[in-house]
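Summary of the model geometry
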Amino acid sequence: MYRVAFIGLGTMGYPMAGHLAKQHETTVWNRTASKAQAHAQQFGSHAVENLTDTAQAEFIFTCLPTSVEVEAVAEQLLPALKPGTVWIDCTSGDPNHSRRIAERLRSVGCDFLDAPVSGGKVGAEAGNLTVMVGGSQPTFNRALPVIQAFAGKVFHVGDVGAGHAVKAVNNILLAIGLLATAEGLVTLAKQGVDPAIALEVINVSSGRSFASEVHFPERVLTRAFPNTFSLALLAKDARIAVSIAREAYVPAPLMQLAAEMFEMAKRQIGGDVDHTAVVQLIESWAGTQIAPKQGT
Ligand code: NDP
């Protein structure tokens, strides 16, 4: 059993910290303190209101919207941290930003891993997230048994920043899949094809993707668009993917277009809706809906 702390009890962090609390002595802090108190009641974690009270942990987890908030809490905690502490950032962050945070932590003898996750709210609740970790081998080895509390698969993908890079590329592929599938299905709806049948065909054919197999049947055809991962967060991931491609002089026109479209969608329909709501924008441009035909 280790002493761990978890900072950021949002859609992902709340259940992830819950799994940690089943195996380790877990301290939780959240900007909105009532969520930390609810967590303590539900999972037997220890809620603190003062951020610096998390500094006694051997492993400190963060799961915040972006690297900007991670850096802010790291700077606040820096004077209180003990040498040897491992900071594990599960935010879908920016690789360059993470390298800077890792350097600051190293200056006080602490190690850093970027460990973003995939699997969504469902995976976080089930404790079977996929975790892609960037950092040194010895730090990865130390942290692995702790990370496994909420993981199905854990991959060590490279040095600090590599986890965030893999996550950003994964998510821009999701963004492209959503946009492309929406364009394809509004085209078919205009041709008089029932989108539900079109999806059945595509999902046993070569045009299928996570978007067509999961998002469209579960979120678009049902018109439910449940908000589990905000459009603003996917727009941020797309921006990160484009920035790391640019930095390496990689021509990436598809990635750039997808990132621009998510940025425009964020401004037009707001960032707080589910990321799949981008489909509604494409529907409005086409003047049709991707919904099963009446009576089918
Ligand atoms: P949420 O918006 O649900 O939660 C964000 C958390 O960050 C909350 O605990 C919030 O506190 C806290 N927070 C926000 N701003 C600040 C701040 N300035 N200072 C301190 N705390 C702050 O986000 P998610 O859980 O959905 O996402 C977290 C990360 O995980 C993101 O990087 C996202 O891209 C990634 N991710 C999300 C997935 C999903 O399906 N939702 C899947 C995989 C990765 P408060 O409660 O006070 O608002």
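Our subject is the structure that appears above.
Residues numbered from 1 in each chain as written. Predicted model: local features only at pLDDT ≥ 70, side-chain atom pairs only at ≥ 80, totals over all residues. Heavy atoms only, no water.

Quick word on helix α2 (residues 33-43)
So the rule is basically this: The buried label goes to any residue with under 20% of its type's maximum accessible area, the exposed label to any with over 50%, and the partly exposed label to all in between, with areas taken from a 1.4 Å probe on protein chains only. In DSSP terms, a helix is any run of H or I states spanning at least four residues, a strand is any run of E spanning at least two, and both are numbered starting from the N terminus. It is the directions from the helix axis to the C-beta atoms whose arc is reported. Here a residue-residue contact requires only that any non-hydrogen atoms of the pair lie within 4.5 Å.
Buried residues of α2: A36, H39 and A40, and no others. Down the axis, α2 shows its buried residues gathered within 100° of arc, on one side only. Residues Q41 and Q42 are exposed on α2 and point more than 90 degrees away from its buried face. Considering only its buried residues, α2 is in contact with α1 (13-23), β2 (25-29) and β3 (46-47). Positive backbone phi, approximately 75°, marks G44, located one or two places after α2.

Digging into the pattern of salt bridges
The line we're drawing: By convention in these notes, a salt bridge is any Lys or Arg side-chain nitrogen within 4 Å of a carboxyl oxygen on Asp or Glu.
Considering all chains together, one arrives at 10 salt bridges under this definition. The salt bridge partner of D274 is R219, with a shortest N-O separation of 3.0 Å. On the criterion of sequence distance, the pair formed by D274 in the loop between α11 (253-269) and α12 (278-286) and R219 in helix α9 (residues 210-220) is long-range, its members being 55 residues apart. No difference in accessibility class separates D274 from R219, as the two residues are buried. One connected set of salt bridges, linked through shared partners, spans R239, E263, K266 and R267.

So, the site of the ligand
Counted only if it meets this: Whether a residue is near a molecule or strand depends on its heavy atoms: it is near if one of them lies within 4 Å of it. Distance and chemistry together define a polar contact, namely a pair of N or O atoms within 3.5 Å, with one atom able to donate a hydrogen and the other to accept it when in protein, and with adjacent residues in sequence counting only for side-chain atoms on both sides. In these tables, accessible area is a Shrake-Rupley quantity obtained with a 1.4 Å probe, and a residue counts as shielded only by the protein chains included in the view. Under the scheme applied, nonpolar residues are Ala, Val, Leu, Ile, Met, Phe, Trp, Tyr, Cys and Pro; charged residues are Asp, Glu, Lys and Arg; polar residues are all the others, including Gly.
What surrounds the ligand is a group of 23 residues, the closest being N30, T32, K35, P65 and T228. In this structure, an oxygen atom belonging to the ligand sits 2.9 Å away from a side-chain N or O atom of K236. Burial of the ligand by the protein amounts to 83% of the accessible area it has alone, namely 910 Å². Where the shell around the ligand is concerned, the elements lending two or more residues are α5 (120-126) and α10 (231-247). When the residues that make up the shell around the ligand are grouped by side-chain class, the tally is eight nonpolar, nine polar and six charged.

Overview of the pairing of strand β5 (residues 86-89)
Under the convention used in this document: For two strands to count as paired, DSSP must find a minimum of two bridges between them. Call a crossover right-handed when, viewed with both strands pointing away from you, the route from the first strand across the helix to the second goes clockwise.
The alternating pattern of β5 places V86 and I88 and W87 and D89 on opposite faces, both of which are buried. Where strand β4 (residues 59-62) and β5 come together, four bridges link them in parallel fashion. Looking at the pairing, T62 lines up with D89 of β5. For the handedness criterion, the β-α-β arrangement of β4, helix α3 (residues 67-77) and β5 is classed as right-handed. In terms of strand pairing, β5 meets strand β6 (residues 111-114) through four bridges, oriented parallel. Each residue of the ladder has a partner; that of D89, found in β6, is D114. Handedness of the crossover is the feature at issue here: the chain leaves β5, passes through helix α4 (residues 95-106), returns alongside β6, and the resulting connection is right-handed.

Some details on the packing of helix α7 (residues 162-190) against α9
For the record, the criterion: Comment: axis = line fitted to C-alpha atoms, over the contacting stretch for helices; angle = value between 0 and 180 degrees taken between N-to-C directions. Every angle not falling under 35 degrees, over 145, or within 65 to 115 is termed oblique; those three ranges are roughly parallel, roughly antiparallel and roughly perpendicular.
Where α7 contacts α9, the axes come no closer than 9 Å and their chain directions differ by 75°. On the basis of their axis angle, the class for α7 and α9 is roughly perpendicular. Contacts between α7 and α9 involve L174, G177, L178, T181, A182 and L185 from the first element and F210, A211, S212, H215 and F216 from the second. Of the residues contributing to the contact of α7 with α9, the split by class is seven nonpolar, four polar and no charged.

Here's the deal with the environment of G44
Of note, G44 is situated in the loop between α2 and β3. For G44 and E58, which are 14 residues apart along the polypeptide, the C-alpha to C-alpha distance reads 19 Å.

Any functional reading would require information that these geometric values do not contain.
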